[in-house]
Amino acid sequence: MECFDLYTADRQLAGRTMERGERTPDGFYRLVIHVCIFGTDGRMLIQQRQPFKASWSNLWDVSVGGCAITGDTSRTAAEREVKEELGLDIDLAGARPVLTLSWDHGFDDYYVLTRDVDLNMLTLQPEEVQAVRWAEKDEILRMIDDSLFIPYEKSLIELLFTRRMNRNAQTRADWTRG
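Residues numbered from 1 in each chain as written. Predicted model: local features only at pLDDT ≥ 70, side-chain atom pairs only at ≥ 80, totals over all residues. Heavy atoms only, no water.

Undergrad: What should I look at first to understand the overall build of the protein chain in this one?
TA: Scanning the protein chain for helices and strands turns up four helices and nine strands. In the protein chain, the succession of helices and strands from N to C terminus is β-β-β-β-β-β-α-β-β-β-α-α-α. By the compact-globule yardstick of 16 Å for 178 residues, the protein chain fits well, its C-alpha radius of gyration being 17 Å. Each of the three principal axes of the protein chain carries a C-alpha extent, and together these read 50 × 45 × 30 Å. Taking contacts inside the protein chain between residues at least 6 apart in sequence as the whole, the part at least 24 apart equals 58%. Split by element, the accessible area of the protein chain, about 10000 Å² in all, is 46% carbon and sulfur. Of the side-chain charges in the protein chain, 22 are positive and 30 negative, and the distance between the mean point of each set is 4 Å. (Helix = DSSP H or I, 4+ residues; strand = E, 2+ residues; numbered from the N terminus. Rg over C-alpha atoms; globule rule 2.2 N^0.38 Å. Contact = heavy atoms within 4.5 Å. Areas by Shrake-Rupley, 256 points an atom, 1.4 Å probe, with all protein chains shown as cover. Lys, Arg positive; Asp, Glu negative; His and termini not counted. Charge placed at Lys NZ, Arg CZ, Asp CG, Glu CD.)

What follows is the structure, encoded as C-alpha coordinates:
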(Lines give C-alpha, C1' and ligand atoms only; values in the text may rest on other atoms or scores of the structure.)
Protein backbone atom coordinates (compact mmCIF):
# COMPACT_ATOMS: atom_id res chain seq x y z
CA MET A 1 0.00 0.00 0.00
CA GLU A 2 1.32 3.43 -0.94
CA CYS A 3 1.64 5.98 1.85
CA PHE A 4 1.79 9.76 1.53
CA ASP A 5 3.38 12.30 3.85
CA LEU A 6 0.98 14.86 5.22
CA TYR A 7 1.81 18.57 5.36
CA THR A 8 0.62 21.60 7.29
CA ALA A 9 -1.01 24.57 5.55
CA ASP A 10 2.49 26.14 5.49
CA ARG A 11 3.77 23.13 3.55
CA GLN A 12 5.81 21.79 6.44
CA LEU A 13 5.96 18.03 7.02
CA ALA A 14 3.40 17.22 9.71
CA GLY A 15 5.03 13.99 10.89
CA ARG A 16 1.95 11.99 9.81
CA THR A 17 1.14 9.81 6.83
CA MET A 18 -1.94 8.46 5.13
CA GLU A 19 -2.56 5.46 2.87
CA ARG A 20 -3.75 5.75 -0.74
CA GLY A 21 -7.52 5.68 -0.82
CA GLU A 22 -7.95 7.24 2.62
CA ARG A 23 -9.57 10.63 2.98
CA THR A 24 -7.06 13.39 3.68
CA PRO A 25 -7.59 14.38 7.33
CA ASP A 26 -8.97 17.88 7.95
CA GLY A 27 -6.19 20.41 8.51
CA PHE A 28 -3.62 18.34 6.59
CA TYR A 29 -2.52 18.34 2.97
CA ARG A 30 -0.72 16.10 0.49
CA LEU A 31 1.65 16.81 -2.37
CA VAL A 32 0.90 16.09 -6.03
CA ILE A 33 3.26 16.74 -8.94
CA HIS A 34 2.72 17.32 -12.63
CA VAL A 35 5.43 17.34 -15.29
CA CYS A 36 4.67 19.03 -18.60
CA ILE A 37 7.12 18.01 -21.31
CA PHE A 38 7.20 20.27 -24.35
CA GLY A 39 8.97 19.59 -27.62
CA THR A 40 11.08 22.30 -29.19
CA ASP A 41 8.21 22.74 -31.67
CA GLY A 42 5.99 24.00 -28.80
CA ARG A 43 3.68 21.00 -28.51
CA MET A 44 3.04 19.29 -25.17
CA LEU A 45 3.44 15.56 -24.66
CA ILE A 46 0.08 14.33 -23.33
CA GLN A 47 -0.95 10.95 -21.97
CA GLN A 48 -4.22 9.07 -21.98
CA ARG A 49 -5.21 7.46 -18.70
CA GLN A 50 -6.21 3.80 -18.61
CA PRO A 51 -9.95 2.97 -18.82
CA PHE A 52 -9.85 1.11 -15.50
CA LYS A 53 -8.47 4.07 -13.49
CA ALA A 54 -10.87 5.11 -10.72
CA SER A 55 -10.61 8.80 -11.55
CA TRP A 56 -10.54 10.47 -14.96
CA SER A 57 -10.53 7.12 -16.77
CA ASN A 58 -9.82 7.28 -20.52
CA LEU A 59 -9.20 11.03 -20.38
CA TRP A 60 -6.08 12.74 -21.66
CA ASP A 61 -3.80 14.53 -19.20
CA VAL A 62 -0.57 16.53 -19.14
CA SER A 63 2.63 14.52 -19.65
CA VAL A 64 2.87 13.06 -16.13
CA GLY A 65 1.07 13.43 -12.83
CA GLY A 66 1.10 11.67 -9.50
CA CYS A 67 1.29 11.81 -5.74
CA ALA A 68 4.49 12.22 -3.78
CA ILE A 69 4.93 9.11 -1.65
CA THR A 70 6.36 9.05 1.85
CA GLY A 71 9.93 10.34 1.80
CA ASP A 72 9.63 12.05 -1.59
CA THR A 73 10.40 15.69 -2.14
CA SER A 74 8.55 17.44 -4.92
CA ARG A 75 11.58 17.02 -7.19
CA THR A 76 12.18 13.33 -6.44
CA ALA A 77 8.46 12.61 -6.87
CA ALA A 78 8.53 14.28 -10.31
CA GLU A 79 11.62 12.34 -11.38
CA ARG A 80 10.15 9.06 -10.10
CA GLU A 81 6.74 9.57 -11.74
CA VAL A 82 8.29 10.38 -15.14
CA LYS A 83 10.38 7.20 -14.90
CA GLU A 84 7.40 5.08 -13.81
CA GLU A 85 4.82 6.41 -16.26
CA LEU A 86 6.98 7.01 -19.35
CA GLY A 87 10.22 5.10 -18.72
CA LEU A 88 12.11 8.37 -19.18
CA ASP A 89 15.01 9.42 -16.94
CA ILE A 90 15.05 13.11 -16.10
CA ASP A 91 17.26 15.09 -13.74
CA LEU A 92 15.61 18.02 -11.98
CA ALA A 93 18.60 18.85 -9.75
CA GLY A 94 18.37 22.53 -8.96
CA ALA A 95 14.95 22.85 -10.62
CA ARG A 96 11.90 24.25 -8.92
CA PRO A 97 8.28 23.96 -9.98
CA VAL A 98 7.25 26.77 -12.32
CA LEU A 99 3.88 26.86 -10.60
CA THR A 100 2.30 25.60 -7.38
CA LEU A 101 -1.47 25.53 -6.91
CA SER A 102 -3.15 24.98 -3.58
CA TRP A 103 -6.40 23.02 -3.43
CA ASP A 104 -8.67 21.74 -0.66
CA HIS A 105 -6.50 18.74 0.21
CA GLY A 106 -3.04 19.59 -1.01
CA PHE A 107 -0.50 21.28 -3.19
CA ASP A 108 0.03 20.67 -6.93
CA ASP A 109 3.56 21.40 -8.19
CA TYR A 110 3.97 21.85 -11.95
CA TYR A 111 7.33 21.33 -13.63
CA VAL A 112 7.88 22.41 -17.24
CA LEU A 113 10.59 20.79 -19.39
CA THR A 114 11.57 21.18 -23.00
CA ARG A 115 12.78 17.94 -24.49
CA ASP A 116 12.26 16.30 -27.85
CA VAL A 117 11.14 12.79 -27.01
CA ASP A 118 10.79 9.92 -29.48
CA LEU A 119 7.42 8.45 -28.50
CA ASN A 120 8.51 5.04 -29.78
CA MET A 121 11.30 4.97 -27.19
CA LEU A 122 8.96 5.44 -24.20
CA THR A 123 7.94 2.58 -21.94
CA LEU A 124 4.39 3.29 -20.82
CA GLN A 125 3.29 2.09 -17.38
CA PRO A 126 0.39 -0.29 -18.17
CA GLU A 127 -1.34 0.42 -14.85
CA GLU A 128 -1.53 4.14 -15.60
CA VAL A 129 -1.01 5.10 -19.26
CA GLN A 130 -2.64 3.68 -22.39
CA ALA A 131 -1.27 6.14 -24.99
CA VAL A 132 0.85 9.25 -25.49
CA ARG A 133 1.04 11.85 -28.23
CA TRP A 134 2.01 15.45 -28.91
CA ALA A 135 -0.65 18.19 -28.85
CA GLU A 136 -0.81 21.92 -29.47
CA LYS A 137 -2.40 24.29 -26.96
CA ASP A 138 -5.55 24.92 -29.04
CA GLU A 139 -6.04 21.18 -29.47
CA ILE A 140 -5.87 20.60 -25.70
CA LEU A 141 -8.34 23.42 -25.09
CA ARG A 142 -10.76 21.83 -27.58
CA MET A 143 -10.26 18.46 -25.90
CA ILE A 144 -11.27 20.04 -22.59
CA ASP A 145 -14.42 21.43 -24.25
CA ASP A 146 -15.17 17.99 -25.70
CA SER A 147 -14.66 16.24 -22.32
CA LEU A 148 -11.70 14.28 -23.69
CA PHE A 149 -9.10 15.93 -21.42
CA ILE A 150 -9.09 16.24 -17.63
CA PRO A 151 -11.13 19.41 -17.00
CA TYR A 152 -8.31 21.71 -15.97
CA GLU A 153 -9.11 25.39 -16.06
CA LYS A 154 -8.23 26.53 -19.56
CA SER A 155 -6.23 29.41 -18.11
CA LEU A 156 -3.94 26.85 -16.43
CA ILE A 157 -3.20 25.16 -19.76
CA GLU A 158 -2.54 28.55 -21.34
CA LEU A 159 -0.25 29.51 -18.45
CA LEU A 160 1.73 26.27 -18.78
CA PHE A 161 2.28 26.96 -22.48
CA THR A 162 3.32 30.53 -21.65
CA ARG A 163 5.69 29.42 -18.88
CA ARG A 164 7.30 27.04 -21.34
CA MET A 165 8.56 30.07 -23.24
CA ASN A 166 9.08 32.55 -20.39
CA ARG A 167 10.32 30.58 -17.40
CA ASN A 168 13.05 33.11 -16.62
CA ALA A 169 11.79 36.12 -18.54
CA GLN A 170 11.67 38.54 -15.65
CA THR A 171 14.44 39.24 -13.17
CA ARG A 172 14.65 41.71 -10.31
CA ALA A 173 16.72 43.98 -12.55
CA ASP A 174 13.82 44.08 -15.01
CA TRP A 175 11.44 45.58 -12.45
CA THR A 176 13.85 48.25 -11.23
CA ARG A 177 14.69 49.76 -14.61
CA GLY A 178 13.47 53.32 -15.13
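Undergrad: I would appreciate a short explanation of the nonpolar core in the present structure.
TA: A general tendency of soluble globular proteins is for nonpolar side chains to be buried together. Val35, Ile37, Leu45, Leu86, Leu88 and Leu122 are the most contacted members of the largest nonpolar core, which has 24 residues in total. Secondary structure elements with two or more residues in this core: β3 (30–38), α1 (74–86), β8 (106–114) and β9 (129–135). In this structure, leucine 122 is in contact with Leu45, Leu86, Leu88, Val117 and Val132, ignoring residues within four places of it in sequence. In terms of nonpolar packing, the next biggest core, distinct from the first, is built from 23 residues, Met44, Leu59, Val62 and Leu141 among them. (Core = buried A, V, L, I, M, F, W, Y, C linked by side-chain atoms within 4.5 Å. Buried < 20%, exposed > 50% of the residue type's maximum accessible area, 1.4 Å probe, protein only.)

Undergrad: I keep staring at the pattern of salt bridges and nothing clicks. Help me out?
TA: The tally for this structure, following the rule as stated, stands at twelve salt bridges. The residue glutamate 79 makes a salt bridge to arginine 75 at a minimum N-O spacing of 3.3 Å. Placement of both glutamate 79 and arginine 75 in helix α1 is noted, with a separation of four residues, approximately one turn of the helix. The closest approach of N and O atoms between aspartate 145 and lysine 154, which form a salt bridge, is 2.6 Å. Accessibility expressed as a relative area gives 32% for lysine 154, which makes it partly exposed. What emerges from the salt-bridge pattern is a single network uniting Asp72, Arg80, Glu81 and Glu84. (Salt bridge = Lys/Arg side-chain N within 4 Å of Asp/Glu carboxyl O.)

Undergrad: In this structure, what is going on with the packing of aromatic side chains? I would like to understand it.
TA: Think of a pair of aromatic rings as described by two things: how far the centres are apart, and how the planes are tilted against each other in angle. All told, the structure shown has three aromatic pairs when counted by the stated rule. An angle of 50° between the planes, with centres 5.8 Å apart, marks the rings of tyrosine 29 and phenylalanine 107 as tilted. Here tyrosine 29, found in the loop between β2 (13–19) and β3, pairs with phenylalanine 107, found in strand β8; they are 78 residues apart in sequence, far enough to count as distant. Geometrically, the ring pair formed by phenylalanine 38 and phenylalanine 161 is edge-to-face, given 4.8 Å between the ring centres and 80° between the ring planes. Residue phenylalanine 38 is found in strand β3, and its partner phenylalanine 161 is found in helix α3 (residues 154–166); the two are separated by 123 residues along the sequence. Judged on exposure class, the residue phenylalanine 38 and its partner phenylalanine 161 are both buried. Residue placement shows arginine 16 over the ring face of phenylalanine 28; its charged tip is 4.5 Å from the ring centre. A cation sits over an aromatic face here: arginine 133 above tryptophan 60, 5.1 Å from the ring centre. (Phe/Tyr/Trp six-rings, centres within 6.5 Å; stacked < 30°, edge-to-face > 60°. Lys NZ or Arg CZ within 6 Å of the ring centre and 35° of its normal.)

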